[in-house]
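Observations on the three-dimensional arrangement
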Amino acid sequence: MGPLRNAYLDALGIDRWVRRDAPVEIASIPQSVTASQVTPPVTRSAPPAVARFEPMAPTADWNTLRERIAACTACDLCKTRTQTVFGVGNTNAEWLIIGEAPGAEEDRQGEPFVGRAGQLLNAMLLAVGLPREQVFIANVLKCRPPGNRDPRPEEVSRCLPFLSNQIALLKPKIILVVGRIAAQTLLATDAPLARLRSKVHAFGEPATPLVITYHPAYLLRTPADKRKAWEDLKLARTTYLRVAAGNA
Ligand code: SF4
């Protein structure tokens, strides 16, 4: 493990000790790694317990979609938002990061994952070799729920077509979902986060690999779980390498 990655793990607040029998670290996996060396278990998501989120063909290009979201009044969140939060990043990215909804700072700045949670997300991504500029980051909801309350089902169902359109345009090789609400929404399940982590789900018709981890805001409150988040990130990284190598 190189000094740079060590610095990122330090930023994450993760101890860098490694047991002799510990699994191989991401940094030591060669790009030519074979599927049999790194293939994690692929698990279909649980049967839907809530309205199913069906990925769809894109109905708008990026610019049109941005305009539609900025003008959207499909749910009551339009009355309390400062601005919509479209998403940010590289529209050719192979990684899509999906969170729940904008918070107060995101609502002010118009960008997802800013502030302390955003800094931690950046550190998490860098720990697996991904500068923020290389990924695309979006939320399930494009407007902030007042007081950071959980999104309501009708808000989610009205807003999901926008995320679906973003996924269809981006065609990511892997989706990393952060937090329980976004995970349950994308997998259409009410299973707890603990049952959804540590496995690779298949999302949508192209069966895009989808890995779930904790929301950085939760990790700021519960740093003891950063070690588990690191395991999730390694799972996502090995899965991505497998897909990129054509061994999906
Ligand atoms: S949350 Fe989504 S559906 Fe509701 S007003 Fe904002 S953009 Fe429209």
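Everything numeric in this text was worked out from a predicted model, so none of it was measured. (Residues numbered from 1 in each chain as written. Predicted model: local features only at pLDDT ≥ 70, side-chain atom pairs only at ≥ 80, totals over all residues. Heavy atoms only, no water.)

**A few points about the site of the ligand**
Inspection of the region around the ligand gives C72, A74, C75, L77, C78, R81, K142, C143, R158, C159 and F162 as its neighbouring residues. More than half of the atoms belonging to the ligand lie within 2 Å of the grid points that define the largest cavity. Class assignment of the residues belonging to the shell around the ligand gives a composition of 8 nonpolar, no polar and 3 charged. (Near = heavy atom within 4 Å. 1 Å grid on protein atoms, 1.4 Å probe; cavity = no way out; pocket = protein on both sides within 12 Å on 5 of 7 lines; lining within 4 Å. Sits in = over half its atoms within 2 Å of the grid points. Nonpolar A, V, L, I, M, F, W, Y, C, P; charged D, E, K, R; others polar.)

**Topic: the packing of aromatic side chains**
Throughout the structure, instances matching the rule amount to 5 aromatic pairs. Judged by centre distance (5.2 Å) and plane angle (45°), the rings of W62 and F136 are tilted. One end of the pair, W62, is in helix α3 (residues 62-70); the other, F136, is in strand β4 (residues 136-139), and 74 residues separate them in sequence. Note on W62: relative accessible area 18%, which makes it buried. Overall, F136 belongs to the buried group, its relative accessible area being 2%. Judged by centre distance (5.5 Å) and plane angle (45°), the ring pair of W95 and Y240 falls under tilted. Placement of W95 in strand β3 (residues 95-99) and of Y240 in helix α10 (residues 226-244) is noted, with a sequence separation of 145 residues between them. Here W95 matches Y240 in class, with each residue buried. (Phe/Tyr/Trp six-rings, centres within 6.5 Å; stacked < 30°, edge-to-face > 60°. Helix = DSSP H or I, 4+ residues; strand = E, 2+ residues; numbered from the N terminus. Buried < 20%, exposed > 50% of the residue type's maximum accessible area, 1.4 Å probe, protein only.)

**A short note on empty space enclosed by the protein**
Tallied over the full model, the rule gives 2 cavities of 30 Å³ or more. Of the volumes computed, that of the largest cavity is approximately 80 Å³. For the largest cavity, the lining is made up of 14 residues, of which C72, C75, K142, C143 and C159 are closest to its centre. By residue number, the principal contributor to the lining of the largest cavity is helix α6 (residues 153-170), which donates 4 residues. Classifying every residue of the lining of the largest cavity by side-chain character gives 10 nonpolar, no polar and 4 charged. (Points joined across faces, edges and corners; volume = space filled by probe spheres on them.)

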